[in-house]
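Working through the structure, step by step
Listed below, chain by chain, are the residues.
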Amino acid sequence: MTAAHPHVIDRNSPPVVSMTGINKWYGSYHALRDIDLDVASGERIVLCGPSGSGKSTLIRTINQLETHASGTLRVNGQELTPGMKKLDVVRQDVGMVFQHFNLFPHLTILENCTVAPISVRKVPKREAEERAMHYLERVKIAEQARKYPFQLSGGQQQRAAISRSLCMVPKIMLFDEPTSALDPEMVREVLETMIGLADEGMTMMVVTHEMGFAREVADRVIFMDAGEIKEVAAPDAFFANPKEPRARAFLNQIMH
Amino acid sequence: MELIDTFFNWDILLRSFPILMRGLSNTVVLACCSIVLGTFAGLLLCLVRLYAPRPVQLLAVAYIDMFRALPILVLLILIYYALPFVGIRFSSFVSALLALSMVLAAFTAEVCRAGIQNVPVGQFEAAATLGMPFWLGMRKIILPQAVKVIIPPLTSNSIAVFKDTALASVVAMPDLLKQAQDTQALMANPTPLIGAAIIYLALLWPLVRVVGYLEARNQRLQMR
Ligand SMILES: Nc1ncnc2c1ncn2[C@@H]1O[C@H](COP(=O)(O)OP(=O)(O)OP(=O)(O)O)[C@@H](O)[C@H]1O
Ligand SMILES: [Mg+2]
């Protein structure tokens, strides 16, 4: 299946994310329709689909940046209900990487990586800084630690944002089009960082149009259209022979 | 020469100086207390306005609208001369402090709201996804960014409050203006009034410059 990047998917433990019958409306617009999806520990999922199909909405529902109207959502075994008290605690274990990085502009890269571990997880400052340097080294920007976000290139900023999430030691990482705001020459460095993460067994859900990345690391590709999951398939099968006509049209379009 | 003797009589200026200084110290204490109280109340009011349950929000909106519309002098006179009719009596200092800080709070609330709403949603989301509870994110992430936008108009409002402390002379508080007026009457010469004006200017002009500088700096930062 994904010979280049072998890894273990733990299907015996309870799923990291479990969605059943999730529905979401923006006003009268039905943005998510009966979403059923389980993500096993160690699994990497790529979400694709045309613009407006609900990919962001789905991924943002998982950490409740968007609340769902009906259905059951469990993250790391905990059921999430709109307005729940312990939401912050659940979010500590769910990393999120945004299209526009959303680094904190008033903090250095190092402080971006330590602010949450120190103030939320109560990690001692020194330890938090050591951990941050460790992850910054891993995404290859350790020498930028004392700089402010605006002093970095887009690719470097996105890698800093990834390491900021990793510093919380999450159980799953969500990515919402992490490379689509980047200049082409910087896309590769971010994708390589993400492939490295996948190699280490991180559970990942990635919204992306980078089909090369999907082919290389995804266990499953999920195709969404009009708020519905239309097709779930292994990447080889999906790219060679998409069953859904909409998926075929979509692939034709992005492959030119 | 006669003009200088009348309006800038050095001898009279020297004699009135200690009295003016006492007035100045009252003015400064009143201004500082009003600014500190008004600013904190304003920030609180702004957070209520933005994040409290809906009915409480509306109360905050009503307060903000009302005190932005009401002239400080009218409010001050209401507090000092009208409240005693219902048995509530404040000293002239407390009356002035209340009037000034209640109005400053309303203006500060609006300034803070603009500052907080100027912070991109992505910053709130990034803080939330890192597991930061709302108020922690507010303190560590949002307010430090909002402050940059807030400081110049806040300073500007503080200068306005400083100037408006002169209204306290209406309720017989011995502030700089009142002392100057009394001395003028006593010495039958307007020089103390000129002295007071010069003191106001000397104190506030640098602050006005600081606001100008901060605004220019923010503009440069925004361009980047
Ligand atoms: N806050 C909102 N209010 C109203 N409608 C919204 C809101 N956010 C998203 N929508 C609508 O919901 C639908 C799904 O949006 P979503 O952002 O999830 O799509 P997407 O698949 O991520 O698209 P893209 O590839 O353009 O990012 C779209 O039609 C969008 O217009
Ligand atoms: Mg999207």
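Residues numbered from 1 in each chain as written. Chains lettered and ligands numbered in written order. Predicted model: local features only at pLDDT ≥ 70, side-chain atom pairs only at ≥ 80, totals over all residues. Heavy atoms only, no water.

Residue and element names in this part refer to chain A. Spanning 14 residues, helix H4 (residues 125-138) covers 20 Å between terminal C-alpha atoms, matching the ideal 20 Å at 1.5 Å per step. Buried within H4 are the following residues: Ala128, Ala132, Tyr135 and Leu136. Angular distribution of buried residues about the axis of H4 spans 100 degrees; they occupy a single face of the element. Opposite the packed face of H4, turned more than 90 degrees from it, sit the exposed residues Arg126 and Glu137. The positive-phi residue at the C-terminal boundary of H4 is Lys140, with phi of around 65 degrees. (Helix = DSSP H or I, 4+ residues; strand = E, 2+ residues; numbered from the N terminus. Expected span 1.5 Å × (residues − 1). Buried < 20%, exposed > 50% of the residue type's maximum accessible area, 1.4 Å probe, protein only. Arc of directions from axis to C-beta.)

Here the focus is the interface of chain A and chain B. With 23 residues of chain A at the interface, the matching set in chain B holds 18 residues. Buried surface at the junction of chain A and chain B, both sides included, amounts to about 1,700 Å², of which 66% is carbon and sulfur. Across the chain A-chain B interface, the total number found is one salt bridge. For A:Arg60, the salt bridge identified is with B:Glu125, shortest N-O distance 2.7 Å. In this assembly, chain A and chain B are joined by four residue pairs in polar contact (both at pLDDT 80 or more). When residues of the side of chain A that touches chain B are traced back to their parent elements, those giving at least two are helix H2 (87-91), strand E6 (94-97), helix H3 (109-119) and helix H5 (154-166) of chain A. If you tally residues by element for the side of chain A that touches chain B, the top one is H3(A), at three residues. By residue class, the composition of the side of chain A that touches chain B is 13 nonpolar, six polar and four charged. (Contact = heavy atoms within 4.5 Å. Buried area = accessible area lost by both parts, 1.4 Å probe. Salt bridge = Lys/Arg side-chain N within 4 Å of Asp/Glu carboxyl O. Polar contact = N/O pair within 3.5 Å; in protein donor to acceptor, adjacent residues only side chain to side chain. Nonpolar A, V, L, I, M, F, W, Y, C, P; charged D, E, K, R; others polar.)

Residue and element names in this part refer to chain A. Its identity is not glycine, yet Gln64 carries a phi of approximately 65 degrees, on the positive side. By secondary structure assignment, the location of Gln64 is in the loop between helix H1 (55-62) and strand E4 (70-75). Taking the relative accessible area as the measure of exposure, Gln64 reaches 6% and is therefore buried. With phi around 65 degrees, Lys140 is a residue other than glycine that occupies positive phi space. Structurally, Lys140 is set in the loop between H4 and H5.

Before going further, it helps to spend a moment on the sheet that holds strand E3 (residues 44-48) of chain A. Pairing between sheet strands relies on hydrogen bonds along the backbone, with the strands arranged either parallel or antiparallel. Residues and elements named next belong to chain A. Reading across the sheet, the six strands line up as E6-E7-E8-E3-E9-E10 and stay open at both edges, with mixed pairing between neighbours. Edge strands, defined here as strands with exactly one partner in the open sheet, are E6 and strand E10 (228-233). The average angle at which neighbouring strand axes cross in this sheet is 20 degrees, direction not considered. The pairing of strand E9 (residues 220-225) with E10 spans five bridges and is antiparallel. Across the sheet, Ile222 pairs through a bridge with Val232, a residue of E10. Its contacts with the sheet put helix H6 (residues 184-199) on E3, strand E7 (172-176) and strand E8 (203-207), and the angle it makes with E8 is roughly 150 degrees. Running at roughly 100 degrees to E9, helix H9 (residues 245-254) makes contact with E3, E9 and E10 of the sheet. (Pairing = 2+ DSSP bridges. Axes fitted to C-alpha atoms, helices over the stretch in contact; angles between N-to-C directions.)

This part is about the sheet that holds strand E5 (residues 78-79) of chain A. Residues and elements named next belong to chain A. Ordered in space as E2-E1-E4-E5, the four strands form an open sheet in which the pairing is antiparallel. Each having just a single partner strand, strand E2 (29-39) and E5 make up the two edges of the open sheet. For strand E1 (residues 17-26) and E2, the ladder comprises seven bridges, and the chain directions are antiparallel. Along E2, the bridge assignment pairs Ser18 with Asp38.

All names here are of chain B. Evaluation of the coordinates by the stated rule reveals zero disulfides over all chains. Looking at Cys33, it has no disulfide partner, and the nearest cysteine sulfur is the one in Cys32, 7.0 Å off. When its relative accessible area of 34% is taken as the criterion, Cys33 is described as partly exposed. (Disulfide = S-S within 2.5 Å.)

This paragraph deals with the UniProt feature "transmembrane region" (unreviewed entry) in chain B. Residue and element names in this part refer to chain B. Here, UniProt's "transmembrane region" (unreviewed entry) annotation points to residues 28-52, 58-83, 90-109 and 193-214. Along residues 28-52 the backbone is 96% helical and 0% strand, and the end-to-end C-alpha distance reaches 34 Å. In residues 58-83, helix accounts for 88% and strand for 0%; the two terminal C-alpha atoms are 26 Å from one another. (UniProt positions renumbered as here; feature names shortened; annotations may be inferred.)

This paragraph deals with the packing of aromatic side chains. What characterises a pair of aromatic rings is the spacing of the ring centres plus the angle enclosed by the ring planes. Following the criterion strictly, the structure yields eight aromatic pairs over all chains and no others. Aromatic side chains B:Tyr51 and B:Phe134 sit 4.8 Å apart centroid to centroid with 70 degrees between the ring planes, which places their arrangement in the edge-to-face category. You can see B:Tyr51 sitting in helix H2 (residues 10-51) and its partner B:Phe134 sitting in helix H7 (residues 134-164), a full 83 residues away along the chain. The exposure class of B:Tyr51 is partly exposed, given its relative accessible area of 31%. For B:Phe134, a relative accessible area of 39% translates into the label partly exposed. Following the ring pairs from residue to residue traces out a cluster consisting of A:Phe223, A:Phe238, A:Phe239 and A:Phe250. If you follow A:Arg164 out to its NZ or CZ, it ends over the ring of A:Phe104, 4.5 Å from the centre. (Phe/Tyr/Trp six-rings, centres within 6.5 Å; stacked < 30°, edge-to-face > 60°. Lys NZ or Arg CZ within 6 Å of the ring centre and 35° of its normal.)

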